[in-house]
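Given next are the chains, with one letter for each unit.
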Number of protein chains: 2
Amino acid sequence: MIKIVIVGFGNIGKAVMEAVEAAKDMELCGIVMRAQSLNKPQVALPVVDDVQRLEVKPEVAILCTPSRTIPEVAEGFLTQGINTIDSYDIHNNIWELRQRLNPAAQKGGSVAIVSTGFDPGGDSVIRALFEAFAPQGQTFTNFGPGMSLGHTVAIKAVEGVKDALSITIPLGTGVHRRLVYVDLLDGYKFEDIAAKIKDDSYFRNDETHIYFEKNINSLIDVGHGVNLVRKGVSGKAHNQQFVFDMRINNPALTSQVMVACARASVKQNPGAYTMIEIPVIDMLDGNREELVRRLV
Amino acid sequence: MIKIVIVGFGNIGKAVMEAVEAAKDMELCGIVMRAQSLNKPQVALPVVDDVQRLEVKPEVAILCTPSRTIPEVAEGFLTQGINTIDSYDIHNNIWELRQRLNPAAQKGGSVAIVSTGFDPGGDSVIRALFEAFAPQGQTFTNFGPGMSLGHTVAIKAVEGVKDALSITIPLGTGVHRRLVYVDLLDGYKFEDIAAKIKDDSYFRNDETHIYFEKNINSLIDVGHGVNLVRKGVSGKAHNQQFVFDMRINNPALTSQVMVACARASVKQNPGAYTMIEIPVIDMLDGNREELVRRLV
């Protein structure tokens, strides 16, 4: 049984708990949360503010804290010899994160798998595989329809916004429409807030529609999707066409992929990896012969 | 530059030559063909009946001979220290092939990647990844519309058949219709041949339609497709939906995947592998940092 600790217990942390409970080869040692948020969750597990307070030392920490906290949090676990899995999603800095965690993992004899989850993560493996199928050509990743957490957070940071939601609508060839719903604090004008949002770097380059909505909660649906398309050349044959499409509960998929990578982490040599650097078979439960016979 | 030799020079061998020529990190050392078929092909490459007759020792042999010849042919190269890539497609015996080639590769300090290509091969990686996304559920692999080489060969083996073609039509949930076209030798009756084909183990369990056709060549189109569908459970969330669809020139895709695996083979430790046991990044040309930045 692979011993797992969950670090952070928001939406993703809760979904990771469900995915670990569903995995026959894993057991949960506990949950690590910051001291100031230790309103103990209703779970039959040890909840601590430091992993060293757990009676059993976990083999893998699944990190469910915000992306910006990941580099420091991961280093702490890795140097203690505990593998880390994160869903760090700041695309421009993924290589830097991998390079920062690599020496910590080498030092601790541990493994980091960075930027797992939906995208980056599962989509990354598909993009890499599609390039192996057709080295020359173009790939487009089309997201949605579904909630964009990053865009929603960006709107909530605008002064005067009480609650918000940003929905991503795919228009094809990697172009997206943003549907933004905002509720306002007293004393703020919708037109002013809308202008600010349209000028934000998250929205400036996309077709953005902004609506006033008192009841944001009535719109919440964690379903999401991707339609990832490559058209290219295999050998000298043009017009090779590849499509990956998924329609999923986003926190459930993200956490399931993190759990699959937790399993893979105990099979790798010490160091830091992205998902495209890991054999897919290592993400699966079962013995090698049975998996090869069934899946190849 | 990775030094490649092509073994066998039928449709796949020719397509492999094109894919190697298109790869910037590879060079062709020559072609190995059986002595009795040494009607030298019109290529600017050494053509020999034994790899040891080549001036340059290749690092990887891409095997384009029939599946039943692969175990013995591959062993010969592996024990000489030359990696092998095959597209062995007898699904029931893939594990046995891997197990047979593993000691030969260990002995020769070489690497075998078995059963690469379309299916088994690329589809296998997708099937494995979809199980990582949703461990519980069902996967269906739907082939076509397109030519089935295996089924065509089975018909050609029937006494009285002059020429034949079998087309696979997907009916969904892994069920297929077979469209069979036959031209007959003089003195044979269509009804008798059709009855024999319907009773063959390749066709017995499928809805099979058999047509008489004088001009089989007029129907040839090497385009093929797959629609690979999984619906299952991530964590505790049901109804997660995943689809992989491709529409491709089949020999071009098969050979491109073999070439990608040839590249991956020089990065593995000695031994025998299936595609799901290899990191996808190893199949791609380019340095690790650039690939991670672009694809993850």
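As shown above, the structure is provided for reference.
Note that the coordinates shown come from a computational prediction; the quantities given were computed from them, not determined experimentally.

(A) Just the environment of valine 292 of chain A, in detail. Positionally, valine 292 of chain A belongs in helix 8 (residues 288–295). Spatially, the C-alpha atoms of valine 292 of chain A and isoleucine 281 of chain A are 8.4 Å apart, while their sequence positions differ by 11 residues. Leave out the neighbours within four places in its chain, and valine 292 of chain A touches Ile281 of chain A together with Ile94, Trp95, Thr274, Ile276 and Glu277 of chain B.

(B) Representation of the interface of chain B and chain A in the model. Contacts between chain B and chain A engage 62 residues on the former and 63 residues on the latter. Both sides together, the interface formed by chain B and chain A hides about 5300 Å², and carbon and sulfur atoms give 66% of it. Interface area lost by chain B to chain A is led by Trp95, Ile276 and Val296 of chain B, which between them contribute 13%. Where chain B meets chain A, there are 8 salt bridges. With its nearest N and O atoms 2.6 Å apart, the salt bridge here joins lysine 236 of chain B to glutamate 21 of chain A. Inspection of the chain B/chain A interface yields 24 residue pairs in polar contact (both at pLDDT 80 or more). Listed by contribution, the elements that provide at least two residues to the side of chain B that touches chain A are helix 1 (11–22), helix 3 (94–108), helix 4 (118–133), strand 12 (223–234), strand 13 (237–249), helix 7 (250–265) and helix 8 (288–295) of chain B. Across the side of chain B that touches chain A, the residue classes break down as 35 nonpolar, 13 polar and 14 charged. Both strand 13 (residues 237–249) of chain A and strand 13 of chain B contribute to a ladder of 7 bridges, which runs antiparallel. Counted as the bridge partner of aspartate 245 of chain A is valine 243 of chain B from strand 13 of chain B.

(C) Region of interest: the relation of the copies chain B and chain A. Mapping chain B onto chain A calls for a rotation angle of 180° and an axial translation of 0.0 Å; the resulting RMSD is 0.0 Å. The transformation just described matches what one would write down for a two-fold rotation axis. Of the residues that chain B buries at the interface, 100% are likewise interface residues in chain A, meaning the two copies contact each other through the same surface.

(D) Main features of the environment of valine 114 of chain B. Residue and element names in this part refer to chain B. Summarising the element assignment, valine 114 is placed in strand 6 (residues 111–114). Separated by 55 residues in sequence, valine 114 and isoleucine 169 place their C-alpha atoms 27 Å apart. Residues in contact with valine 114, not counting those within four places in the same chain, are Asp86, Ile94, Leu97, Arg98, Leu101, Tyr273, Thr274 and Met275.

(E) Quick peek at the side chain of threonine 274 of chain A. Residue and element names in this part refer to chain A. Its place among the elements puts threonine 274 in strand 14 (residues 271–274). On the basis of relative accessibility, which here comes to 0%, the residue threonine 274 falls in the buried class. One polar contact links threonine 274 to glutamate 277, side chain to side chain, over a distance of 2.6 Å.

(F) How the structure looks around the sheet that holds strand 6 of chain B. Residues and elements named next belong to chain B. Pairing within the open sheet is parallel, and its 7 strands lie in the order 3-2-1-4-5-6-14. Edge positions in the sheet fall to strand 3 (47–48) and strand 14 (271–274), since each of these pairs with one other strand and no more. As paired elements, strand 2 (residues 26–32) and strand 3 share 2 bridges and run parallel to each other. Counted as the bridge partner of isoleucine 31 is valine 47 from strand 3.

(G) A look at the sheet that holds strand 10 (residues 176–184) of chain B. Residues and elements named next belong to chain B. Taken in spatial order, the 4 strands of this open sheet run 8-9-10-11, and their pairing is mixed. The open sheet has two edge strands with one neighbour each: strand 8 (146–147) and strand 11 (207–212). Here helix 5 (residues 149–156) sits on the sheet in contact with strand 8, strand 9 (161–170) and strand 10, set at roughly 150° to strand 9. The strands that helix 6 (residues 190–199) touches are strand 9, strand 10 and strand 11; relative to strand 11, the one it contacts most, it runs at about 155°.

(H) Up close: the packing of helix 3 (residues 94–108) of chain A against helix 8 of chain B. Contact geometry of helix 3 of chain A with helix 8 of chain B gives a least axis separation of 9 Å together with a crossing angle of 130°. Put simply, helix 3 of chain A runs oblique to helix 8 of chain B. Across the interface between the two elements, Ile94, Trp95, Glu96 and Arg98 of chain A of helix 3 of chain A pack against Arg288, Glu289, Val292 and Arg293 of chain B of helix 8 of chain B. Its residues placed into classes, the contact of helix 3 of chain A with helix 8 of chain B shows 3 nonpolar, no polar and 5 charged.

(I) Representation of the nonpolar core. Core analysis: the biggest nonpolar cluster contains 162 residues, and Ile62 and Phe244 of chain A together with Ile62 and Phe244 of chain B have the highest contact counts within it. Not counting residues within four places of it along the chain, the set of residues in contact with isoleucine 62 of chain A comprises Ile4, Val5, Ile6, Val7, Val16, Val20, Ile85, Met258, Val259 and Ala262 of chain A.

(J) Spatial organisation of the pattern of salt bridges. Scanning all chains against the criterion turns up 36 salt bridges over all chains. Across the salt bridge formed by arginine 288 of chain A and glutamate 277 of chain B, the nearest N and O atoms sit 2.6 Å from each other. Linking arginine 288 of chain A in helix 8 with glutamate 277 of chain B in the loop between strand 14 and helix 8, this pair reaches from one chain into another. Each of Arg98 and Glu277 of chain A together with Asp282 and Arg288 of chain B takes part in a single network of salt bridges with overlapping partners.

Reading the values: rules and limits
- Residues numbered from 1 in each chain as written.
- Chains lettered and ligands numbered in written order.
- Predicted model: local features only at pLDDT ≥ 70, side-chain atom pairs only at ≥ 80, totals over all residues.
- Heavy atoms only, no water.
- Helix = DSSP H or I, 4+ residues; strand = E, 2+ residues; numbered from the N terminus.
- Contact = heavy atoms within 4.5 Å.
- Buried area = accessible area lost by both parts, 1.4 Å probe.
- Salt bridge = Lys/Arg side-chain N within 4 Å of Asp/Glu carboxyl O.
- Polar contact = N/O pair within 3.5 Å; in protein donor to acceptor, adjacent residues only side chain to side chain.
- Nonpolar A, V, L, I, M, F, W, Y, C, P; charged D, E, K, R; others polar.
- Pairing = 2+ DSSP bridges.
- Least-squares fit on C-alpha atoms with pLDDT ≥ 70 in both.
- Buried < 20%, exposed > 50% of the residue type's maximum accessible area, 1.4 Å probe, protein only.
- Axes fitted to C-alpha atoms, helices over the stretch in contact; angles between N-to-C directions.
- Parallel < 35°, antiparallel > 145°, perpendicular 65-115°, else oblique.
- Core = buried A, V, L, I, M, F, W, Y, C linked by side-chain atoms within 4.5 Å.

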